[in-house]
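# Descriptive structure summary
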Amino acid sequence: MIWGAVFLGLVMLVLFSKRYGWWRPAVGLNHPRILMYHMVSEHRPGAKFNKLRVKPEAFEWQIRWLRDNGWHFALMSELEAPDQLPPKTVFLTFDDGFEDNYRLAHPVLQKYGAKATLYLVVDRFDRDWSTAKKAHHNTGELMREPKLTDGQVSTMLGSGCWELGGHTLTHANLARLDEEQKLAEIRGCREQLESCFGVDVSSFAYPFGIYDQTDVALAEKAGFTSAVTTVEGIDTDLQTRCFELSRVKVSGKDNRLAFRLRMRTGRRG
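This text gives an overview of the structure that appears in the document. Please read these numbers as outputs of a predicted model, since none were measured by experiment. (Residues numbered from 1 in each chain as written. Predicted model: local features only at pLDDT ≥ 70, side-chain atom pairs only at ≥ 80, totals over all residues. Heavy atoms only, no water.)

## Side note on the packing of aromatic side chains
- Evaluation of the coordinates by the stated rule reveals eleven aromatic pairs.
- Sitting above the plane of the F224 ring, R190 keeps its charged end 5.9 Å from the centroid. (Phe/Tyr/Trp six-rings, centres within 6.5 Å; stacked < 30°, edge-to-face > 60°. Lys NZ or Arg CZ within 6 Å of the ring centre and 35° of its normal.)

Spelled out as structure tokens, the structure:
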């Protein structure tokens, strides 16, 4: 009986450790965290991409927790002067341009005095870009998800809570393009976003997190000063990693403990 309880306890400890990675060393608070979001939305029964949907209640708790625990919200353009960032700096980033960013995330940012960078796809309507990564992701789930209108984006930018980053023209899988096509997608998104919204666009996000060293060089050639990946972690040398920045993935399946541990270590279990 006793050994059975001991065995059960060990199994539970292993599962807990695998899920939360509590044993990972903490990264110093002088190193900024870059958080990656996509949608702020209730989960949909049977949906494939619910991990991209952070529930509104959870999102508000996260932003409130960050504020109450002394985190400084910054925009990605502020990475151009990393030495001026205070300890406990956090960058909120949103990929793609889903409409719930305006309806549900934007009011929370305003409420808590937070800021975020929106990596916006230019041609984002009626596109099932998930198939560009995996052909069998052809359910149309992300294509049907409402996207931000230009008017909504302008309102968000006018609030001072948001800035724009580039995310290609069409959410292209850069690995499938030649160099000329890559540059057209990367440079074109920056030029069109700046022209449409009258703002500077200095940061870039590689679609799907798929990139190589040619893409790194092209992002710099296109005039960007930083670029983010989907590699999990917290970088400790931002200046040498400025075009391959890691991010802390915020999953729609995270609970509060998982979020706090990710802020500590940058990684999932």
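Additional details are given in the paragraphs that follow.
## So, the pairing of strand β9 (residues 226–232)
- Counting buried positions along β9 gives five out of seven residues, so the element sits mostly inside the fold.
- Bridge count for strand β8 (residues 203–205) against β9 is three bridges, and the pairing is parallel. For F204, the partnering residue across the bridge sits in β9 and is A227.
- The β-α-β motif built from β8, the intervening helix α7 (residues 213–221) and the parallel element β9 has right-handed crossover chirality.
- Of the strand pairs in this sheet, β9 and strand β10 (residues 245–249) are connected by two bridges, and their pairing is parallel. Within the sheet, the bridge partner assigned to E232 lies in β10 and is R247. (Buried < 20%, exposed > 50% of the residue type's maximum accessible area, 1.4 Å probe, protein only. Helix = DSSP H or I, 4+ residues; strand = E, 2+ residues; numbered from the N terminus. Pairing = 2+ DSSP bridges. Right-handed = clockwise from strand over helix to strand, strands pointing away.)

## Notes on a positive patch on the surface
- On the surface, K48, K51, K133 and K253 cluster together into a patch of positive charge.
- We classify K133 as partly exposed; its relative accessible area is 40%. (Patch = residues over 30% accessible without salt bridge, like charges linked within 9 Å, V, L, I, M, F, W, Y side chains within 5 Å. Areas by Shrake-Rupley, 256 points an atom, 1.4 Å probe, with all protein chains shown as cover. Salt bridge = Lys/Arg side-chain N within 4 Å of Asp/Glu carboxyl O. Lys, Arg positive; Asp, Glu negative; His and termini not counted. Charge placed at Lys NZ, Arg CZ, Asp CG, Glu CD.)

## Considerations on unusual backbone geometry
- You will see that T168, though not glycine, has its phi angle at about 75 degrees, which is positive.
- Relative to the assigned elements, T168 resides in the loop between β7 (162–166) and α6 (179–197).
- In this structure T168 comes out as buried when scored by relative accessible area, which is 0%.
- The backbone phi angle of F208 is positive, close to 65 degrees, even though this residue is not glycine.
- With respect to the secondary-structure elements, F208 resides in the loop between β8 and α7.
- On the basis of relative accessible area, F208 is assigned to the buried category, the value being 18%.

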